[in-house]
Amino acid sequence: MPTKALNRGMRLSFMIVTLFITSAVNAAVDAQEAPTIFGDVTIGPQFSPDPLTVRGMSGGSISGSQVGGRSETATGPCTGFVDETPDHKLALTSKFDYLKLQVQSPEDTTMIIKGPGGTWCNDDFEGKNAGMIGEWLAGTYEIWIGSYEKDKYLPYTLKITEVK
């Protein structure tokens, strides 16, 4: 009888340890932030995590110059094709002396940003990917990420950072 009790106790202990480990692993996975897809972001100075990333699919059927309202801005050409509605909205709770937005994609991308103070477009900020860098006023910015071919949708990551 003592052997049966010992075996039963060992099995019970093993089950409790297994449940504990499974719960701990699930909690750790849940605690990690998944990247936002086509999400809206609100940040203030010294936001965390930095860099902040959001994901999406570039492209659409509307020309970048139509959305941008012009063919060129001080930050670059309004090229490519985008959706009618922005891919992301970025709300800045206060002014940023320096903020960098950079698209990372396996294909050539474009960017249009509308917000306080105007409209900015970019192409080929770093390699074939679009980006924007500079001083940003508080307020909400609409962001479109475009592709060069009409109705061609490509995956991208938009990286937002205060780090120079």
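Note that the structure is predicted; figures quoted are calculated from it, not measured.

Here we come to the overall build of the protein. Looking only at helices and strands, the protein has two helices and 14 strands in total. Taking all 164 residues of the protein together, the buried fraction comes to 36%. In the form shown here, the protein has an accessible surface area of approximately 9,500 Å², with 57% of it arising from carbon and sulfur atoms.

It is worth spelling out the pairing of strand E14 (residues 154-161) at this point. The element E14 is extensively covered by neighbouring structure, given that six of its eight residues are classed as buried. Pairing analysis gives seven bridges linking strand E3 (residues 52-58) to E14, with the strands arranged antiparallel. In the sheet register, valine 54 faces E14, and the bridge partner there is leucine 158. In the sheet, strand E9 (residues 96-104) pairs with E14 via five bridges, with the strands oriented antiparallel. When the bridges of E14 are listed, lysine 100 appears paired with threonine 161.

In this section: a nonpolar patch on the surface. Together, Phe38, Met57 and Tyr153 give the surface a local cluster of nonpolar side chains, amounting to about 270 Å² of exposed area. Position of phenylalanine 38 among the secondary structure elements: in the loop between strand E1 (36-37) and strand E2 (41-43).

Okay, the nonpolar core next. Counting residues in each nonpolar core, the largest one holds 22 residues, and the members touching the most others are Ile43, Leu90, Leu99 and Leu101. When contributions to this core are tallied by element, the ones reaching two or more residues are E2, E3, strand E8 (88-92), E9, strand E10 (109-115), strand E12 (131-136), strand E13 (139-147) and E14. Take this core: its biggest share by element is four residues, from E9. Core analysis: the second largest hydrophobic core is formed by seven residues, Val67, Cys78, Val82 and Cys121 among them.

Further remarks concern the pairing of E10. Where burial is concerned, most of E10 is hidden: five out of the seven residues are buried. As paired elements, E10 and E13 share six bridges and run antiparallel to each other. Note that in E13 the partner of threonine 110 across the bridge is glycine 146. Where E10 and strand E11 (residues 118-123) come together, six bridges link them in antiparallel fashion. Following the sheet pairing, isoleucine 112 is matched in E11 by cysteine 121. A loop of two residues connects E10 with E11, the two strands running antiparallel in sequence, and glycine 117 in this loop sits at a positive phi of about 95°.

Mean pLDDT over the protein stands at 83; residues scoring 70 or higher make up 77%. Residue range residues 9-35 is modelled with pLDDT below 50. Its contacts to residues more than four positions away, or to other chains, number three contacts.

Side chains bearing opposite charge may pair, as long as their charged atoms lie close to each other. In this structure the tally under the stated criterion is three salt bridges. In this structure, glutamate 135 engages lysine 95 in a salt bridge whose closest nitrogen and oxygen atoms are separated by 3.1 Å. You can see glutamate 135 sitting in strand E12 and its partner lysine 95 sitting in the loop between E8 and E9, a full 40 residues away along the chain. With a closest N to O distance of 3.7 Å, glutamate 149 and lysine 152 form a salt bridge. Classification of lysine 152 by relative accessible area gives partly exposed; the value is 29%.

Analysis parameters
- Residues numbered from 1 in each chain as written.
- Predicted model: local features only at pLDDT ≥ 70, side-chain atom pairs only at ≥ 80, totals over all residues.
- Heavy atoms only, no water.
- Helix = DSSP H or I, 4+ residues; strand = E, 2+ residues; numbered from the N terminus.
- Buried < 20%, exposed > 50% of the residue type's maximum accessible area, 1.4 Å probe, protein only.
- Areas by Shrake-Rupley, 256 points an atom, 1.4 Å probe, with all protein chains shown as cover.
- Pairing = 2+ DSSP bridges.
- Patch = residues over 30% accessible without salt bridge, like charges linked within 9 Å, V, L, I, M, F, W, Y side chains within 5 Å.
- Salt bridge = Lys/Arg side-chain N within 4 Å of Asp/Glu carboxyl O.
- Core = buried A, V, L, I, M, F, W, Y, C linked by side-chain atoms within 4.5 Å.
- pLDDT = per-residue confidence, 0-100.
- Contact = heavy atoms within 4.5 Å.

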